[in-house]
Amino acid sequence: MTSLATESEKALDKSRIVNDFSIHVATINGSGSQSSNNVLMRSIFQMGIPVSGKNLFPSNIAGLPTWFTIRVNKNGYIARKKEVDILVAMNPQTAFEDVKSLPAGAVCVSPVELKLDAVRSDVHHYQVPFTELAAQATDQIKLRKLLTNMIYVGVVGELINLDFKEVEIAIARQFDGKQKAIDLNITAVNKGREWAKENIKKADPYAVERLNLTKGKIIIDGNAAAAIGCVFAGVSVVTWYPITPSSSLAESLEEYLEQYRKDKDGKATFAVIQAEDELAAIGMALGAGWAGTRSMTTTSGPGISLMSEFVGLGYFAEIPAVIFDVQRVGPSTGMPTRTAQADLFSAYQLSHGDTKHIVLLPGSVEECYSMAMAAFDLTERFQTPVFVLSDLDIGMNNWMSDPFPYPTKDLDRGKVLNAEQLNKLGEFARYKDVDGDGIPYRTLPGTNSPIAAYFTRGSGHNEKAQYTERPDDYENLMNRLNKKYDTARKYVPKPEITIEKDAKIGLIAFGSSDPAILESRDQLKVANITTSYFRLKALPFTDDLRKFVESHDRIYVVEQNRDAQLRELITMELPEYATKLKSVLHYDGLPIDARFITDAIMAEER
Amino acid sequence: MVESTAAKAPATNRIGLTQADYKGSPSTLCDGCGHDAITSQIIKAAYELALEPHKVAKLSGIGCSSKTPAYFLSRSHGFNAVHGRMPSIATGASAANKELTLMAVSGDGDTASIGLGQFCHLVRRNVPMVYIVENNGVYGLTKGQFSATADIGTKSKGGEVNEFPPIDLCGLALELGCGFVARSFAGDPKQLVALLKSALSHNGTAILDVISPCVTFNNHESSTKSYKRAKETEMPLHEIGYIPFYEQIAADYEPGSTIDVKMHDGSHIVLKKLHQDYDPTDRFQAMTTIYKANQDKQFLTGLLYIDEKKTSLTEMLHTVDKPLASLTQTELRPGKEALNEIMTSLM
Ligand SMILES: Cc1ncc(C[n+]2csc(CCOP(=O)(O)OP(=O)(O)O)c2C)c(N)n1
Ligand code: SF4
Ligand SMILES: [Mg+2]
């Protein structure tokens, strides 16, 4: 059965690899494998072992190849692992290529009829009669394809010594009380399990063993995490136009709002409007922000492009709105379901004229939650559109996290004058820098005071919001907006900085690269390269950046785009240090992995 | 008409404001521009209806027409948005504060060209607001290019002939299910002010397509949207009277000669028959009347269609009684138990 079956049990025992491997399931999208993969992942998680799952899927509803990778790691490394240790090759279209790309000694679980053992002899083949087993599991022909997915859960589970009690719990959870479905799926798992028990002589080293490292943790994707943040931030108007990978943010937000934001009579403290396009979505969000609610929209790159004009108006007319950009690769055909960090430039300077925006950069699901809240405070405090840039990897993949803490800070609704305050002041100038921080006071439509009203328009306005084309008025406006932006440096989330004593090398990164960087730093340490680490959490930069760059000889800016967008922004900020800055750039549409970073840095440092 | 009983126009209205209180800053449009004539009627309607200025929000896109909200109701908040996208601003503002009376001004370029998509979706959602299109058949602000409402065969000032068919915004609004569709003329102040008041009483999107000649670029002999042509060809469907909810109906009409439409807020519109029978609550008749008028190159004005029973966006959103914009942290942020419940479900 297996090509390496001659190895002695003892040798195998010594070389056992416990709680440190990856499982790569190759299927066809639309085949219903998602539930099986979730069950597999959750069962491992329930055994107390750190785990992460990534869905690498096509922009298609059914029929194209899909891969799901599960990383099991006792050290808590949750970035993508490039090397595949266990392949479950269920997709005949890609099976040959999938098996060819395996490292020697890896495991290949495949349908027996694919005869993959003929392709590679240096991997452990376990060839399973899936069709036969599915026929035994059910006599309903149309269910067999679905159940095949659960059968591989049984086979793999038996192989890696999974606790099947946990599998049953995970199945019950997945099928949410639907007893018939639960029973059927458990039957299928058992079919695979029993077959494996009887027919497989284990020759590979991979296994799981119970740990206690996931107790009290949650599993969630970044979009759901951001949605929860929005609910607790008090968002009231949500506008959106469907686009992967941001749609699930709006959809889970609507679900949470329905559940947690209705009064005792069932009336909503929110409005969700699915717009006709992104131009309308941002327009509605700005209209609502102008009228005084916490408003937001969610989108991805192409939507950001469409929002460009309105965001410029928001910047000049000083109107709050939060824009979630769950980044993906470029235009809409080809790679829209692949991840990237390539909207940094466009979000930072979106629109016409001199514009620059506050951009938050969550690096974990927990930060998707906390930065959603921070974004609403910032947008109202600074009266300007605020971006939250996550990406497909954080947004749509499953991550382990500590439970999110309840917010301790009150909502910051910014400088809004009500009728009473206006009457006491006796005068009001909408765009006047009263406090010297560049942030003016605003009033909301509906404020019952004869001096509350002002006229909102683009660039041509003076302090009193009157129409003007005077050169000095425009210059003053531009300078005040700059001052306001400088004030924001003190309010945005601070970077996370880890200084290693004697480190000559500093790494700078943001967003979803974080888990890969953490793992890479450990790999580099083994090779005697110590590194400090600066994880950027927001634009504008804070003073910490200069200090960090100054105090290291060489800086590697690691990012998931081609044009070194963050490095370019740092160069603009600190031109005198331009020559210190090197790039590690990952842009193939897959989430960045630690080995890639380590190899790139080792190549330079050798 | 309403004020006909009073001997002299009162110096103040029901809430003690003068007509001057409803004015804005001085207009910077060309002398004689139709848009200024419409501004005057907006001021008059708001004054006579005694709108509370702070409860009104003025909205517009970009164009000469879209500048006009600066020229009326200076005590109301205003928003001069981007070209063709005022409807989305209006939708957001309406969702945020359902107590606001939204008064929007757009142009034919702003609405029928760049803004056609947002116009359609606004009407479809039935956002409660008054939406005035100051229609001159050209882009005034960019110096006279044809817009999408320019009639076939009309000539530009430079002699160029328009060969594309016009978009009829009233016909389109009807098609999209609009509950208040009217057409008027900047040179017919009496009809216009009555239609404006009626529109302000409507619960839902009220579309007013007002022919508003551009004296600088589209008022020449060969233009179909000049003052002269409009005056010569205007065919009012009926004489419109508006009786606000706070006044009694003093009916002295001949039976059968009028149609009385009761509005959402208790006001009445009384339509006095002119040449033909016309029932503005009949959508099919409205459609055929519009198509026929276009075919016969007639400039038909008046209340083309009204349906007071349509559900507006506000009702569809099922929000709490207070405006969303007035909610505070206690109402907006769920308690600790809610977060605990969510977290437990994810473990
Ligand atoms: C995105 C964009 N494109 C073009 C323009 C230039 N522009 C300003 S006003 C206008 C046309 C306005 O026409 P209309 O709405 O009919 O108003 P009018 O001036 O005729 O009252 C154009 C094309 C603009 N402001 N923004
Ligand atoms: S250019 Fe035409 S539309 Fe513009 S202000 Fe002058 S007359 Fe009016
Ligand atoms: Mg025009």
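Computed from a predicted model, the values in this text were never measured in an experiment.

Draft legend 1. Representation of the pairing of strand E22 (residues 554–559) of chain A in the model. All names here are of chain A. Among the 6 residues of E22, 5 are classified as buried, and the element is accordingly described as predominantly covered. Judged from the 4 bridges that link them, strand E19 (residues 505–510) and E22 form a sheet pairing that is parallel. Residue pairing in the sheet places Ile508 in a bridge with Val557 of E22. Examined bridge by bridge, E22 and strand E23 (residues 581–585) share 5 bridges and lie parallel to one another. Within E23, the residue paired with Val558 across the bridge is Val584.

Draft legend 2. Representation of the domain arrangement of chain A in the model. Residue and element names in this part refer to chain A. Assigned domains within chain A: domain 1 (9–207), domain 2 (220–401), domain 3 (419–488) and domain 4 (496–605). Here domain 2 and domain 4 have C-alpha centroids that lie 27 Å from each other. Domain 2 puts 25 residues into the contact, and the matching count from domain 4 is 24 residues. A buried area of about 2,000 Å², summed over both sides, lies between domain 2 and domain 4, and 62% of it is on carbon and sulfur atoms. It is Gln341, Phe345 and Leu361 that lose the most area in domain 2 upon contact with domain 4, and together they represent 34% of the buried surface on that side. Inspection of the region where domain 2 meets domain 4 yields 2 salt bridges. Between Lys537 and Glu367 there is a salt bridge; the shortest N-O distance is 3.3 Å. At the surface where domain 2 touches domain 4, the tally comes to 13 residue pairs in polar contact (both at pLDDT 80 or more).

Draft legend 3. Layout of the site of ligand 1. All names here are of chain B. Taken together, 18 residues form the shell around ligand 1, and within it Ser65, Asp108, Gly109, Asp110 and Gly140 come nearest. Asp108 is positioned such that a nitrogen or oxygen atom in its side chain is 2.8 Å from an oxygen atom of ligand 1. At 2.8 Å from an oxygen atom of ligand 1 is found a main-chain nitrogen or oxygen belonging to Gly109. About the coverage of ligand 1: the protein hides 77% of its 590 Å² of free accessible area. At the level of elements, helix H2 (64–67), helix H4 (108–113) and strand E5 (138–139) are the ones that each hand at least two residues to the shell around ligand 1. Among the elements that make up the shell around ligand 1, the one with the highest residue count is H4 (3 residues). Residue classes in the shell around ligand 1 are distributed as 6 nonpolar, 9 polar and 3 charged.

Draft legend 4. Spatial organisation of the packing of helix H10 (residues 278–290) of chain A against helix H3 (residues 86–96) of chain B. Remark: H10(A) packs on H3(B), axes separated minimally by 6 Å, with the N-to-C direction vectors making an angle of 45°. With respect to H3(B), the axis of H10(A) lies oblique. As H10(A) runs across H3(B), the sense of the crossing is right-handed. Here H10(A) contributes A:Leu279, A:Ala280, A:Gly283, A:Met284, A:Leu286, A:Gly287, A:Ala288 and A:Trp290 to the contact with H3(B), which in turn contributes B:Ser88, B:Ile89, B:Thr91, B:Gly92, B:Ala93 and B:Ala96. Split into classes, the residues belonging to the contact of H10(A) with H3(B) amount to 9 nonpolar, 5 polar and no charged.

Draft legend 5. Fine view of helix H8 (residues 222–233) of chain A. Residues and elements named next belong to chain A. For H8, which comprises 12 residues, the first-to-last C-alpha distance of 16 Å matches the rise-based estimate of 16 Å (1.5 Å per residue) to within 8%. Taken across its 12 residues, H8 has 12 buried, putting it largely inside the fold. Listed in full, the buried residues belonging to H8 are Gly222, Asn223, Ala224, Ala225, Ala226, Ala227, Ile228, Gly229, Cys230, Val231, Phe232 and Ala233. Structurally, the start of H8 carries an N-cap: the backbone nitrogen of Asn223 is 3.1 Å from a side-chain oxygen of Asp221. Among the residues trailing H8, Gly234 stands out with phi positive, at a value near 80°.

Quick notes on the rules
Residues numbered from 1 in each chain as written. Chains lettered and ligands numbered in written order. Predicted model: local features only at pLDDT ≥ 70, side-chain atom pairs only at ≥ 80, totals over all residues. Heavy atoms only, no water. Buried < 20%, exposed > 50% of the residue type's maximum accessible area, 1.4 Å probe, protein only. Helix = DSSP H or I, 4+ residues; strand = E, 2+ residues; numbered from the N terminus. Pairing = 2+ DSSP bridges. Domains from an automatic or database assignment. Contact = heavy atoms within 4.5 Å. Buried area = accessible area lost by both parts, 1.4 Å probe. Salt bridge = Lys/Arg side-chain N within 4 Å of Asp/Glu carboxyl O. Polar contact = N/O pair within 3.5 Å; in protein donor to acceptor, adjacent residues only side chain to side chain. Near = heavy atom within 4 Å. Areas by Shrake-Rupley, 256 points an atom, 1.4 Å probe, with all protein chains shown as cover. Nonpolar A, V, L, I, M, F, W, Y, C, P; charged D, E, K, R; others polar. Axes fitted to C-alpha atoms, helices over the stretch in contact; angles between N-to-C directions. Parallel < 35°, antiparallel > 145°, perpendicular 65-115°, else oblique. Left-handed = near helix turned anticlockwise from the far one by under 90°. Expected span 1.5 Å × (residues − 1).

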